[in-house]
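# Examining the three-dimensional arrangement
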Amino acid sequence: MNSSASSLPQIASIFHGIKTGRHWCFGDPEYDDLSGDLFDQYQTFFAQLELKLHRDARGFIYATSDDDDTKGSGQITAFVVFTAVWVDAVADAGEDVGRSLFAANQRVADLPHLRSEAHRRALAQVGVQAPGDLEKLMRSMSRLGLVDMDGQSRFTLRAAFNRLLDVCLDETRRPANSATTDTATDQTTTTTNTPTSATTEAQS
Amino acid sequence: MLISLQEAAAFLNTHHAVFDELWRRRDETLAEAELLALISATRSEATPAYLLTQLKRMRFMIETDAQEGAWELAPAFARWVEYLQQIAQPVSSARVRGQLLELEHALDSFRLAEMRDDLNTGREILRETRAGFQRLSEDMGQTQAAIAAVVSEAKGEHRKQGALERFRRINRLWNEYLLPMLELLDPAGQLEAVCIAWETQLNHAVEKQFLPERRLAERIERDMRGLRVAVRQGFRECQNELEPLHARLRRDTLWAEGAARILKRVEDLGAPNASLDYTMPTSNFRYVGQMSEAALVASAARWRDISEPPPVIDFAGAPAAADSQAVEDVLAAIETMPTKNFPLQDLLAWLSQEHGARGFHPVLQVFSLLVTDSRYQASFHTPISIYDIAGGSVRCGRVRLQLRKTS
């Protein structure tokens, strides 16, 4: 299989995205290129750099590094807590979670995150204490391609946001008592959890 | 203790908000604390404790058999409200199985009556059988209507139930009613088997003139057709409606459950110790990361193995030929090659075989010019091997060369 860089039209833009943990969703110019016939070639090419390209059936593509040093970050913890608080608040209100989260063109100011004391406590642990912090966090998600944001503090979740919801699903598969015995150094179980069964990965 | 109708009616009238709420949660069992919270939320003038005592005393709420301290709406009271609201109740698959078993037994009795040529008993059995098939149709119709009502309620925009409550109801319908019923209605299921056996027996009875009139058999056959076509189709429609709703509510419930568990872990251990950093791996290509410790150790091991300095290559003693005609000749020959000869699967091996006679240096120069030539597309493949070319050796991977497509 030919996996030379010269045969991959969007290689520069995709490599630039990979350096920042970008997710490409349906509608992105790179997504068309990545999801088509060239996917296997891109995957083979990036495998040489110890980067694994994943194609998800829900309409997004992303890469992970084989290098353990680059897999996790405190920012991911902040994203997960943000998501868990949001799902919890929406479920408490008796609303449909999927429908509420993926509603188009929402306002950051309308987010329910800071309404309850318990949620504020959880978010404070990841540095989110004010509506401005929420917006900052969402802009970080936007850089990763998880969220689309406009200049007026309005946003729409992208298909790739499902990865954060998968973390919630994965949590239900963990044995209940493991929640209190895990430590931050126990990376084996968490890294093998993803991608979830909902994802389909093309094998080269 | 007897409760007068007047007292019960007055209590219902005064505290109907409490009953509305209890009715809404009729499928749940509730602990006392939950009941008190539910009553408080209705903002009744009486105290929650008093109202709860009265609900128990008048037996509107009864303790469940399965669990001490868990309370549910008294089934007799629930049935009365259902009666008032004309609510269709689903029929359990166990009851349908029982009805099918009765029809099988009736078939055995009919065979026996035919053997004995006992027409009166035969007619009686057919009457009962017809009623049996009609009951089955009605029960299944009720079940269908009940499922449709719950689906419609769960889909409603102005609902009061949370996702978890709706999922519980839908899941119960799905697992306890719809799936077992579909199994029974399957073309290879029990209903079909009973109907076919009855059809065969009725045909036999008409042929052997045990039944003097075809009409008797035709009535039952008509009822069976109704069951087999309309009911099966109706349940399939139920399944089509229920399936996406079931999947969506199940997914919402799992998300909510996972989120609650994550938040509990954050609360118990603190966010930095909650092992969340690695839950969503991403890419983060770092150049510094390429020089890993393992690579350094491997390099050091190689240096240790070197026992003597490498041989000196005397470039001055073996100069490349200044005349590049040989290189030009080889390039010209390749340019005029028919396109069907491409791709060259192993460029260096091919050059060595076809043009090795021109010498080591021209072959290497041609090789390097071709892999960087924009008219061609070169790709490198492992493993690395040694190529012997015109008295020299080159260690490299396989290079595949193809013509670049021109638009």
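Rules used in this analysis
Residues numbered from 1 in each chain as written. Chains lettered and ligands numbered in written order. Predicted model: local features only at pLDDT ≥ 70, side-chain atom pairs only at ≥ 80, totals over all residues. Heavy atoms only, no water. pLDDT = per-residue confidence, 0-100. Contact = heavy atoms within 4.5 Å. Salt bridge = Lys/Arg side-chain N within 4 Å of Asp/Glu carboxyl O. Helix = DSSP H or I, 4+ residues; strand = E, 2+ residues; numbered from the N terminus. Pairing = 2+ DSSP bridges. Axes fitted to C-alpha atoms, helices over the stretch in contact; angles between N-to-C directions. Buried < 20%, exposed > 50% of the residue type's maximum accessible area, 1.4 Å probe, protein only. Arc of directions from axis to C-beta. Core = buried A, V, L, I, M, F, W, Y, C linked by side-chain atoms within 4.5 Å.

### Digging into the confidence of the model for chain A
When pLDDT is low, close inspection of the predicted coordinates is not appropriate. This prediction gives chain A a mean pLDDT of 81; 80% of its residues lie at or above 70. Across residues 179-204 of chain A the pLDDT falls below 50, and counting only partners more than four positions away or on other chains, this stretch makes 54 contacts in the model.

### Here we look at the pattern of salt bridges
Residues and elements named next belong to chain B. Following the criterion strictly, the structure yields 32 salt bridges over all chains and no others. Among the salt bridges present, the one from glutamate 102 reaches arginine 135, with a minimum N-O distance of 4.0 Å. Linking glutamate 102 in helix α6 (residues 93-115) with arginine 135 in helix α7 (residues 119-155), this pair joins segments that are 33 residues apart in sequence. As a salt-bridge pair, arginine 228 and glutamate 199 come within 2.7 Å of each other at their nearest N and O atoms.

### As for the sheet that holds strand β2 (residues 51-56) of chain A
Residue and element names in this part refer to chain A. Reading across the sheet, the three strands line up as β1-β3-β2 and stay open at both edges, with antiparallel pairing between neighbours. Of all strands in the sheet, those bounded by a partner on one side alone are β1 (23-25) and β2. With direction set aside, neighbouring strand axes in the sheet form an average angle of 20°. Sheet topology places β1 next to strand β3 (residues 60-65); three bridges connect them, and they run antiparallel. Residue pairing in the sheet places cysteine 25 in a bridge with phenylalanine 60 of β3. Docked against the sheet, helix α1 (residues 11-19) engages β1, β2 and β3, running at close to 130° with respect to β1. Against the sheet, helix α3 (residues 39-47) engages β2 and β3, with an angle of about 155° to β2.

### As for the sheet that holds strand β6 (residues 154-157) of chain A
Residues and elements named next belong to chain A. An order of β4-β6-β5 is seen for the three strands of this open sheet, with the pairing classed as antiparallel. Because the sheet does not close on itself, it has two edges, and the strands there are β4 (106-107) and β5 (147-149). In terms of strand pairing, β4 meets β6 through two bridges, oriented antiparallel. Bridging across to β6, glutamine 106 finds its partner in phenylalanine 155. Those strands touched by helix α7 (residues 131-143) are β5 and β6, and its axis lies near 115° from that of β5.

### Re helix α2 (residues 16-24) of chain B
Looking at α2 of chain B, one finds that the buried residues are Val18, Phe19, Leu22 and Trp23 of chain B. Looking straight down α2 of chain B, one finds its buried side chains confined to an arc of 135°; they lie on one side.

### Focus: the nonpolar core
Residues and elements named next belong to chain A. One finds Leu146 and Phe161 to be the most contacted residues of the largest nonpolar core, which totals 50 residues. Ranked by the residues each element gives to this core, the list is headed by helix α4 (residues 74-92), at eleven residues. Apart from residues no more than four positions distant in its own chain, phenylalanine 161 is found in contact with Phe82, Thr83, Trp86, Leu101, Phe102, Met141, Leu146 and Val147.

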